[in-house]
Amino acid sequence: MPHPQRSSSGFWLETASGSLLLDCSASVVHRMAQESLDWANLDAIWISHFHLDHVGGLPAFLFGTKYAPATQKREKPLKIFGAKGLQNLIEKFDAANEYNLLKQPFPLDIIEVEPLEKFEILDKIETVALDTPHTPESLAIHLRDETDATIVYSADTGFTKTLGTLARSADLFVLECSFFKNKPVETHLELAEAMYLIRYAKPKRVILVHLYPEWDAVDFEKEVKKFSPPCEVIEARDGLQLEII
Ligand SMILES: [Zn+2]
Ligand SMILES: [Zn+2]
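The shown structure was predicted, so the numbers you read here are calculated from the model rather than taken from an experiment.

What counts, and where the lines are drawn
- Residues numbered from 1 in each chain as written.
- Chains lettered and ligands numbered in written order.
- Predicted model: local features only at pLDDT ≥ 70, side-chain atom pairs only at ≥ 80, totals over all residues.
- Heavy atoms only, no water.
- Donors = N, O, S within 2.8 Å, 3.2 Å for Na, K, Ca; no water.
- Tetrahedral: all angles 85-135°; square planar, octahedral: opposite > 155°, others 65-115°.
- Buried < 20%, exposed > 50% of the residue type's maximum accessible area, 1.4 Å probe, protein only.
- Helix = DSSP H or I, 4+ residues; strand = E, 2+ residues; numbered from the N terminus.
- Arc of directions from axis to C-beta.
- Contact = heavy atoms within 4.5 Å.
- Phe/Tyr/Trp six-rings, centres within 6.5 Å; stacked < 30°, edge-to-face > 60°.
- Lys NZ or Arg CZ within 6 Å of the ring centre and 35° of its normal.
- Core = buried A, V, L, I, M, F, W, Y, C linked by side-chain atoms within 4.5 Å.
- Pairing = 2+ DSSP bridges.
- Axes fitted to C-alpha atoms, helices over the stretch in contact; angles between N-to-C directions.

Student: Report on the coordination of the zinc ion (ligand 2), specifying residues and quantitative values.
Tutor: Protein ligation of the zinc ion (ligand 2) involves Asp 53 (OD), His 54 (NE2), Asp 156 (OD) and His 210 (NE2), the donor distances falling in the range 2.0 to 2.1 Å. Because the angles between the four donor atoms bound to the zinc ion (ligand 2) fall within 89 to 165 degrees, the donor set is best described as irregular. Here the donor residues for the zinc ion (ligand 2) map to a single chain with the spacing D-H-x101-D-x53-H. In this structure, the zinc ion (ligand 2) lies 3.5 Å away from the zinc ion (ligand 1), the two metals sharing Asp 156 as a donor.

This is how it looks when you write it as C-alpha coordinates:
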(Lines give C-alpha, C1' and ligand atoms only; values in the text may rest on other atoms or scores of the structure.)
(Ligands and ions follow the chains in the order given, each with its own letter.)
Protein backbone atom coordinates (compact mmCIF):
# COMPACT_ATOMS: atom_id res chain seq x y z
CA MET A 1 0.00 0.00 0.00
CA PRO A 2 1.31 3.48 -0.72
CA HIS A 3 2.99 4.83 2.43
CA PRO A 4 5.52 7.64 2.90
CA GLN A 5 7.98 5.70 5.14
CA ARG A 6 7.42 2.09 4.19
CA SER A 7 7.35 1.21 0.53
CA SER A 8 6.33 -2.28 -0.58
CA SER A 9 8.50 -5.38 -0.28
CA GLY A 10 12.12 -5.41 -1.39
CA PHE A 11 15.17 -6.54 0.64
CA TRP A 12 18.70 -6.20 -0.69
CA LEU A 13 21.26 -8.76 0.51
CA GLU A 14 24.99 -8.33 0.03
CA THR A 15 26.86 -11.61 0.40
CA ALA A 16 30.39 -12.87 -0.24
CA SER A 17 29.08 -14.48 -3.42
CA GLY A 18 27.05 -11.61 -4.80
CA SER A 19 23.90 -9.60 -4.32
CA LEU A 20 20.34 -10.84 -3.99
CA LEU A 21 17.05 -8.96 -3.99
CA LEU A 22 14.21 -10.54 -2.04
CA ASP A 23 11.00 -9.46 -3.79
CA CYS A 24 10.62 -6.59 -6.23
CA SER A 25 7.72 -4.24 -5.66
CA ALA A 26 7.17 -1.25 -7.91
CA SER A 27 8.85 1.14 -5.45
CA VAL A 28 11.97 -1.05 -5.17
CA VAL A 29 13.20 -0.07 -8.62
CA HIS A 30 13.91 3.53 -7.59
CA ARG A 31 14.62 2.82 -3.94
CA MET A 32 17.65 0.72 -5.00
CA ALA A 33 19.11 3.74 -6.78
CA GLN A 34 18.23 6.04 -3.86
CA GLU A 35 20.17 3.73 -1.51
CA SER A 36 23.15 3.73 -3.92
CA LEU A 37 22.88 -0.03 -4.42
CA ASP A 38 24.62 -1.52 -7.43
CA TRP A 39 21.39 -2.57 -9.15
CA ALA A 40 23.10 -2.82 -12.55
CA ASN A 41 25.16 -5.74 -11.24
CA LEU A 42 22.48 -7.43 -9.16
CA ASP A 43 23.09 -11.19 -9.33
CA ALA A 44 19.76 -12.72 -8.35
CA ILE A 45 16.15 -11.91 -7.54
CA TRP A 46 13.79 -13.98 -5.40
CA ILE A 47 10.05 -13.60 -6.05
CA SER A 48 8.12 -15.00 -3.08
CA HIS A 49 4.69 -14.91 -4.75
CA PHE A 50 2.83 -13.12 -7.50
CA HIS A 51 1.02 -10.31 -5.65
CA LEU A 52 1.97 -7.00 -7.20
CA ASP A 53 3.48 -5.60 -4.00
CA HIS A 54 6.16 -8.33 -4.41
CA VAL A 55 6.58 -8.66 -8.18
CA GLY A 56 5.09 -5.46 -9.66
CA GLY A 57 8.52 -3.85 -10.08
CA LEU A 58 10.04 -6.75 -11.97
CA PRO A 59 8.82 -5.79 -15.47
CA ALA A 60 9.84 -2.17 -14.82
CA PHE A 61 13.28 -3.28 -13.59
CA LEU A 62 13.80 -5.52 -16.63
CA PHE A 63 12.64 -2.67 -18.88
CA GLY A 64 15.30 -0.54 -17.17
CA THR A 65 18.14 -3.07 -17.41
CA LYS A 66 17.31 -3.58 -21.08
CA TYR A 67 18.08 0.04 -21.96
CA ALA A 68 20.15 1.55 -19.13
CA PRO A 69 23.70 2.62 -20.06
CA ALA A 70 24.93 0.91 -16.87
CA THR A 71 23.89 -2.55 -18.08
CA GLN A 72 24.79 -2.48 -21.76
CA LYS A 73 28.24 -4.01 -21.20
CA ARG A 74 27.16 -6.43 -18.51
CA GLU A 75 27.96 -10.07 -19.32
CA LYS A 76 27.09 -12.04 -16.21
CA PRO A 77 23.60 -13.49 -16.04
CA LEU A 78 20.76 -12.23 -13.87
CA LYS A 79 18.94 -15.10 -12.23
CA ILE A 80 15.32 -14.76 -11.20
CA PHE A 81 14.01 -17.43 -8.84
CA GLY A 82 10.45 -18.09 -7.77
CA ALA A 83 7.63 -20.57 -7.63
CA LYS A 84 6.13 -22.55 -10.47
CA GLY A 85 4.37 -20.10 -12.78
CA LEU A 86 7.08 -17.41 -12.64
CA GLN A 87 8.17 -17.94 -16.25
CA ASN A 88 4.56 -17.74 -17.44
CA LEU A 89 3.94 -14.58 -15.42
CA ILE A 90 6.99 -12.81 -16.86
CA GLU A 91 6.05 -13.92 -20.37
CA LYS A 92 2.53 -12.56 -19.89
CA PHE A 93 3.83 -9.18 -18.66
CA ASP A 94 6.11 -9.18 -21.67
CA ALA A 95 3.42 -10.10 -24.18
CA ALA A 96 1.11 -7.33 -22.92
CA ASN A 97 2.92 -4.89 -25.19
CA GLU A 98 5.79 -6.74 -26.86
CA TYR A 99 8.31 -5.25 -24.44
CA ASN A 100 10.89 -7.94 -25.24
CA LEU A 101 11.90 -8.06 -21.58
CA LEU A 102 13.46 -11.50 -21.92
CA LYS A 103 15.96 -10.17 -24.42
CA GLN A 104 18.52 -8.33 -22.30
CA PRO A 105 22.12 -7.22 -22.97
CA PHE A 106 23.12 -10.11 -20.65
CA PRO A 107 21.73 -13.63 -20.12
CA LEU A 108 18.52 -13.85 -18.11
CA ASP A 109 17.76 -17.10 -16.28
CA ILE A 110 14.31 -17.73 -14.86
CA ILE A 111 14.34 -20.60 -12.40
CA GLU A 112 11.21 -22.10 -10.87
CA VAL A 113 11.82 -23.90 -7.59
CA GLU A 114 9.94 -26.66 -5.80
CA PRO A 115 9.22 -26.39 -2.09
CA LEU A 116 11.72 -28.30 0.09
CA GLU A 117 14.15 -28.92 -2.77
CA LYS A 118 17.57 -27.45 -2.07
CA PHE A 119 19.09 -25.06 -4.58
CA GLU A 120 21.83 -22.41 -4.68
CA ILE A 121 20.34 -18.95 -5.14
CA LEU A 122 23.88 -17.57 -5.28
CA ASP A 123 27.14 -19.50 -5.39
CA LYS A 124 27.49 -21.38 -2.07
CA ILE A 125 24.28 -19.94 -0.65
CA GLU A 126 22.25 -23.03 0.15
CA THR A 127 18.56 -22.27 -0.16
CA VAL A 128 15.31 -24.01 0.54
CA ALA A 129 11.74 -22.76 0.09
CA LEU A 130 8.65 -23.66 2.08
CA ASP A 131 4.98 -23.51 1.10
CA THR A 132 3.06 -20.90 3.09
CA PRO A 133 -0.67 -20.31 3.59
CA HIS A 134 -1.05 -17.10 1.59
CA THR A 135 -1.51 -17.81 -2.13
CA PRO A 136 -1.26 -21.16 -3.95
CA GLU A 137 2.32 -20.38 -5.01
CA SER A 138 3.61 -18.40 -1.99
CA LEU A 139 6.95 -19.46 -0.51
CA ALA A 140 9.06 -18.62 2.51
CA ILE A 141 12.80 -19.00 2.06
CA HIS A 142 15.76 -20.17 4.16
CA LEU A 143 19.27 -19.04 3.17
CA ARG A 144 22.55 -20.35 4.57
CA ASP A 145 26.00 -19.14 3.55
CA GLU A 146 29.40 -20.84 3.90
CA THR A 147 29.90 -19.44 7.38
CA ASP A 148 26.55 -20.92 8.48
CA ALA A 149 24.91 -17.49 8.74
CA THR A 150 21.21 -17.96 8.14
CA ILE A 151 18.32 -15.75 7.09
CA VAL A 152 14.69 -16.75 6.86
CA TYR A 153 12.24 -14.56 4.95
CA SER A 154 8.60 -15.42 5.54
CA ALA A 155 7.24 -13.18 2.79
CA ASP A 156 3.45 -12.98 3.11
CA THR A 157 1.92 -15.77 5.13
CA GLY A 158 -0.91 -16.81 7.36
CA PHE A 159 -0.10 -18.58 10.60
CA THR A 160 1.78 -21.88 10.31
CA LYS A 161 4.01 -23.47 12.91
CA THR A 162 6.13 -24.96 10.12
CA LEU A 163 7.46 -21.47 9.42
CA GLY A 164 8.68 -21.39 13.02
CA THR A 165 10.51 -24.65 12.39
CA LEU A 166 12.11 -23.23 9.23
CA ALA A 167 13.29 -20.16 11.16
CA ARG A 168 14.71 -22.08 14.11
CA SER A 169 17.88 -20.40 15.44
CA ALA A 170 18.15 -18.22 12.33
CA ASP A 171 20.52 -15.27 12.60
CA LEU A 172 17.83 -13.07 11.11
CA PHE A 173 14.13 -13.83 10.76
CA VAL A 174 12.42 -11.41 8.37
CA LEU A 175 8.83 -11.94 9.38
CA GLU A 176 5.65 -10.41 8.06
CA CYS A 177 3.30 -8.82 10.56
CA SER A 178 0.69 -7.10 8.43
CA PHE A 179 -1.79 -6.50 11.25
CA PHE A 180 -1.53 -5.39 14.86
CA LYS A 181 -4.52 -7.34 16.17
CA ASN A 182 -7.96 -8.66 15.15
CA LYS A 183 -6.73 -9.45 11.66
CA PRO A 184 -9.55 -9.52 9.13
CA VAL A 185 -7.99 -12.26 6.94
CA GLU A 186 -6.32 -15.60 7.60
CA THR A 187 -3.64 -15.07 4.96
CA HIS A 188 -1.49 -12.64 6.99
CA LEU A 189 -0.14 -12.47 10.54
CA GLU A 190 -0.93 -10.24 13.50
CA LEU A 191 1.46 -9.41 16.32
CA ALA A 192 0.46 -12.18 18.75
CA GLU A 193 1.01 -14.81 16.05
CA ALA A 194 4.31 -13.32 14.98
CA MET A 195 5.42 -13.36 18.62
CA TYR A 196 4.36 -16.98 18.98
CA LEU A 197 6.51 -17.89 15.98
CA ILE A 198 9.44 -15.92 17.39
CA ARG A 199 9.24 -17.77 20.72
CA TYR A 200 8.97 -21.05 18.87
CA ALA A 201 11.80 -20.36 16.41
CA LYS A 202 14.19 -18.65 18.84
CA PRO A 203 16.03 -16.68 16.14
CA LYS A 204 18.89 -14.36 17.09
CA ARG A 205 17.19 -11.31 15.65
CA VAL A 206 13.84 -10.48 14.06
CA ILE A 207 12.66 -7.75 11.78
CA LEU A 208 8.92 -7.34 11.41
CA VAL A 209 7.99 -6.29 7.89
CA HIS A 210 4.95 -5.78 5.66
CA LEU A 211 3.44 -3.55 8.36
CA TYR A 212 0.13 -2.21 7.13
CA PRO A 213 -0.77 1.48 7.68
CA GLU A 214 -2.80 0.60 10.80
CA TRP A 215 0.59 0.20 12.52
CA ASP A 216 1.01 3.99 12.29
CA ALA A 217 -1.35 4.33 15.26
CA VAL A 218 0.55 1.74 17.36
CA ASP A 219 3.50 2.20 19.71
CA PHE A 220 5.60 -0.61 18.23
CA GLU A 221 8.22 -0.84 21.01
CA LYS A 222 5.64 -0.81 23.76
CA GLU A 223 3.40 -3.45 22.20
CA VAL A 224 6.31 -5.74 21.33
CA LYS A 225 7.68 -5.44 24.88
CA LYS A 226 4.39 -6.77 26.30
CA PHE A 227 5.26 -10.15 24.79
CA SER A 228 8.76 -10.20 26.40
CA PRO A 229 10.39 -11.39 23.17
CA PRO A 230 13.48 -13.62 23.54
CA CYS A 231 15.50 -11.51 21.10
CA GLU A 232 15.67 -8.09 19.50
CA VAL A 233 12.57 -7.31 17.39
CA ILE A 234 13.07 -4.50 14.90
CA GLU A 235 10.38 -2.44 13.17
CA ALA A 236 10.99 -2.29 9.41
CA ARG A 237 11.38 1.04 7.68
CA ASP A 238 12.82 2.08 4.34
CA GLY A 239 16.59 2.37 4.25
CA LEU A 240 17.24 0.24 7.33
CA GLN A 241 20.55 -1.62 7.14
CA LEU A 242 21.54 -4.66 9.21
CA GLU A 243 24.75 -6.64 9.33
CA ILE A 244 24.79 -10.38 9.87
CA ILE A 245 28.05 -11.84 11.08
ZN1 LIG B 1 0.73 -11.25 -0.81
ZN1 LIG C 1 2.39 -8.42 0.26
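Student: Please give an account of helix α4 (residues 86-95) that cites residues and values.
Tutor: For α4, the set of buried residues is Leu 86, Ile 90 and Asp 94. Down the axis of α4, the smallest arc covering the buried residues is 75 degrees, so these residues share one side. Exposed residues pointing more than 90 degrees away from the buried face of α4 are listed as Lys 92 and Ala 95. Where α4 is buried, its residues touch β3 (44-47), α3 (58-67), β4 (78-82) and β5 (108-112).

Student: Which residues make up the packing of aromatic side chains, and what values go with them?
Tutor: In this structure the tally under the stated criterion is 11 aromatic pairs. A centroid spacing of 6.3 Å and a plane angle of 75 degrees characterise the contact between Trp 39 and Phe 61, whose relative ring orientation is edge-to-face. Separated by 22 residues along the polypeptide, Trp 39 in the loop between α1 (28-34) and β3 and Phe 61 in helix α3 bring together distant segments of the chain. Using a relative accessible area of 3% as the deciding quantity, one classes Phe 61 as buried. Seen in terms of ring centroids, Phe 63 and Tyr 99 are 5.7 Å apart; in terms of plane orientation they differ by 75 degrees. Their pairing is edge-to-face. Here the residue Phe 63 occupies a position in helix α3, and Tyr 99 occupies one in the loop between α4 and β5, the gap between them amounting to 36 residues. A relative accessible area of 33% means that Tyr 99 is categorised as partly exposed. In textbook terms, an aromatic cluster arises when at least three aromatic residues are bridged by ring pairs, as seen for Trp 46, Phe 81 and Phe 119. Over the ring of Phe 106 we find Arg 74; its NZ or CZ atom is 4.5 Å from the centre of that ring. Seen from the ring of Tyr 200, Arg 168 lies directly overhead, with NZ or CZ sitting 4.6 Å from the centre.

Student: Tell me about the coordination of the zinc ion (ligand 1), and please be specific about residues and values.
Tutor: All of the protein donors around the zinc ion (ligand 1) are His 49 (NE2), His 51 (ND1), His 134 (NE2) and Asp 156 (OD); their distances to the metal are 2.1 to 2.3 Å. Of note is the zinc ion (ligand 1), whose four donor atoms meet at the metal with angles of 93 to 162 degrees in an arrangement that counts as irregular. Along the chain, the residues donating to the zinc ion (ligand 1) fall in the pattern H-x1-H-x82-H-x21-D. The exposure class assigned to His 134 is buried, which follows from its relative accessible area of 12%.

Student: I'd like a description of the nonpolar core, backed by residues and values.
Tutor: With 28 residues, the main nonpolar core has Leu 175 and Leu 208 as its most contacted residues. Elements represented by at least two residues in this core include exactly β7 (125-131), α5 (161-166), β10 (172-176), α6 (191-201), β11 (205-209) and α7 (220-225). No other element matches α6, which puts six residues into this core. If we ignore the near neighbours within four places in the chain, the residues touching Leu 208 are Leu 175, Cys 177, Leu 191, Ala 194, Ile 198, Phe 220, Val 233, Ile 234, Glu 235 and Ala 236. Leu 22, Trp 46, Leu 139 and Ala 155 belong to the second-largest nonpolar core, a separate cluster that totals 25 residues.

Student: How would you explain the sheet that holds strand β12 (residues 232-235) if you had to name every residue and give the values?
Tutor: Read across the open sheet, the seven strands follow the order β6-β7-β8-β9-β10-β11-β12; overall the sheet is mixed. At either margin of the open sheet sits one strand with a lone partner, and together these are β6 (119-122) and β12. Strand after strand, the sheet turns through a mean of 25 degrees between neighbouring axes, direction not considered. Sheet strands in contact with α6 are β10, β11 and β12, and its direction is about 160 degrees off that of β10.

Nothing here speaks to function; it is all geometry.
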